[in-house]
Amino acid sequence: MKAFLDHVGIAVQDVPAALAFYRDTLGLEVEEAEEVASQHVRARFIPVGDSALELLEATSEQSAVARFVAKRGPGLHHVTLRVEDIHAALAHLKARGVRLVDDSPRQGAEGALVAFIHPSAAHGVLVELTQRPSSRPTLEVKSLAFGDLQLTTLHDGPFRLDGGAMFGVVPKALWGRKVPTDDRNRIQMAMRPLLVEADWGRMIIDCGAGDKMDRKSRDIYALDPDHGLGEALTAAGLSAESIDFALATHLHFDHFGAATVRRDGTLVPRFPNARYIIRGAEWEDATHPNERNRASYLQEDFVPLQPFGVIDFFDGDLTIKPGIRVERSGGHTPQHQIVYVQSGGRTAVFPSDIIPTTAHLQDAWVTGYDLFPLDSLAFKKRLIRDAIDREYLVFFEHDPHVAAGYIRERDGKRFVEAVL
Ligand SMILES: [Zn+2]
Ligand SMILES: [Zn+2]
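Since we're looking at a predicted model, the values are computed, not measured.

About the criteria used
- Residues numbered from 1 in each chain as written.
- Chains lettered and ligands numbered in written order.
- Predicted model: local features only at pLDDT ≥ 70, side-chain atom pairs only at ≥ 80, totals over all residues.
- Pairing = 2+ DSSP bridges.
- Helix = DSSP H or I, 4+ residues; strand = E, 2+ residues; numbered from the N terminus.
- Axes fitted to C-alpha atoms, helices over the stretch in contact; angles between N-to-C directions.
- Contact = placed C-beta atoms within 7 Å.
- Core = buried A, V, L, I, M, F, W, Y, C linked by C-beta atoms within 7 Å.
- Buried ≥ 20, exposed ≤ 12 C-beta atoms within 10 Å, placed from the backbone.
- Arc of directions from axis to C-beta.
- Domains from an automatic or database assignment.

### Observations regarding the sheet that holds strand 25 (residues 404-410)
- Overall, mixed pairing links the seven strands, which are arranged 20-21-22-23-24-25-26 in an open sheet. Each having just a single partner strand, strand 20 (319-321) and strand 26 (413-418) make up the two edges of the open sheet. Each neighbouring strand pair of the sheet contributes to a mean axis angle of 35°, computed without reference to strand direction.
- With five bridges connecting them, strand 21 (residues 324-328) and strand 22 (residues 337-343) associate as antiparallel partners. Residue pairing for strand 22: Val326 is matched across the bridge by Val339.
- Lying on the sheet, helix 11 (residues 373-389) is in contact with strand 23 (346-350), strand 24 (393-395) and strand 25; it crosses strand 25 at an angle near 90°.

### Some thoughts on the sheet that holds strand 15 (residues 245-247)
- Reading across from one edge, 9-10-13-14-15-18-19 is the order of the seven strands in this open sheet, with mixed pairing throughout. With partners counted over all chains shown, the strands left at the sheet margins are strand 9 (142-146) and strand 19 (311-314), one partner each. Within this sheet the neighbouring strands show an average axis-to-axis angle of 20°, counted without direction.

### Describing the pairing of strand 21
- Taken together, the two bridges between strand 20 and strand 21 define a ladder with antiparallel strand orientation. If you follow Lys321 over to strand 21, its bridge partner there is Ile324.
- The hairpin formed by strand 20 and strand 21 contains two residues between the paired strands, and Gly323 there has a positive phi angle of roughly 90°.

### Examining the nonpolar core
- Residues Val196, Ala246, Val341, Val394 and Phe395 are the most contacted members of the largest nonpolar core, which totals 77 residues.
- Not counting chain neighbours up to four residues away, the residues in contact with Val341 comprise Phe146, Leu149, Leu151, Val196, Gly323, Ile324, Ala348 and Phe350.

### Considering helix 3 (residues 86-95)
- Those residues of helix 3 not exposed but buried are Ile86, Ala89 and Leu90. The buried residues of helix 3 occupy an angular sector of 95° when the element is viewed end-on, so they sit on one face. Turned more than 90 degrees away from the buried face of helix 3 sit Ala88, Ala91 and Ala95, all of them exposed.
- Of the surrounding secondary structure, the elements contacted by the buried residues of helix 3 are strand 7 (113-117) and strand 8 (127-131).
- Just past helix 3, the residue Gly97 takes up positive phi, approximately 70°.

### A word on the domain arrangement of the chain
- Along its sequence, the chain is organised into domain 1 (4-131) and domain 2 (137-418).
- Of note, the centres of domain 1 and domain 2, computed from C-alpha atoms alone, are 38 Å apart.

### Observations concerning the pairing of strand 17 (residues 266-269)
- Bridge count for strand 16 (residues 260-263) against strand 17 is four bridges, and the pairing is antiparallel. Paired with Arg263 across the bridge in strand 17 is Thr266.
- What sits between strand 16 and strand 17 in their antiparallel hairpin is a turn of two residues, with Asp264 showing a positive phi close to 50°.

### Quick look at unusual backbone geometry
- Unusually for a residue other than glycine, His40 sits at a positive phi of about 55°.
- By the element assignment, His40 lies in the loop between strand 2 (34-36) and strand 3 (41-48).
- For His40, a count of 17 C-beta atoms within 10 Å corresponds to the partly exposed category.
- Phi angles above zero are rare outside glycine, and Asp264 is one such case at about 50°.
- Mapped onto the elements of the fold, Asp264 is located in the loop between strand 16 and strand 17.

Printed below as a string of structure tokens:
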């Protein structure tokens, strides 16, 4: 069983005195108090590196923390270990006869699953196990009517990339507590193509990594081909044959790898009835990779499309179909483009790797993969401003939980109001 120290809970009686010590004397930063109504406690987190201290204050006599303080006085209350799979961890402990407080996990704060090991088993310490919600992405196929269009968020399963690479020059001290990493420093993400249904047909925007990778690569990126695009299309009542157009934001494997599939030893178009719409200059870059971008441009994802005559190349920013407009962002790759979807006076935007997750709302939080980060920054700054001011519905292609939402800003802080 692999476990990480998530936090150490400290039961506090005199909050001002505790703050005077931890905040003022030690000089640590104390986060705003969180009310955990179900437990009758108020919690204040103090980040220390990758883990934290948690000051616990009882808000009622019924609180376990109140009983703890009455019996033993303030002090160390519990140690929380973070595990990847809490069900597996509990099964492991049960099989070894460990005394548990919780036989099965229950809902903790912020969507986490938690379970306690009895202190008698852990040599006098109450041990909490927790599985953060982002250990498993939320992969649901959901639709909404958008003017005359129907928008459906699909998925090609979960995947993971190095956390440092995803946040570029931003230190882990700033993103690490919000976005947990696994034992290989990877963060959990998803691949979420967008399906647009209109009177002119069905268009899939990006299509995920597909299932051509070998075992080693699947392991590196934590891909799960058993829960990929095929499953999502079935959930939407569709199949690969139902797709009329496949539009690429760019040709990185996690965006357009599913464009081809291996059938009887040869690579063929995944969507047999589709036109593949690709920016010509992106194709040029992708088919002439260099040492820096070679690992992201896998030739077998797109080159096999060409002999089938299914690609429509274009250049410049234009309206591809009524309601579907592309705009080159550059930055991530020189020809990376975003897609605007407009109907009935509303605008949705699919910014692809310019805003890959809801943790990337700050202008300067640009990924380390970006070849021209200052171009990404300039483009993103304007895009996010517009998205907030004009209420664009924003799709987050790589977010593990939120497929789409509105970016809001309050007191200078940005957050997402989830819609899908
Ligand atoms: Zn990319
Ligand atoms: Zn990507």
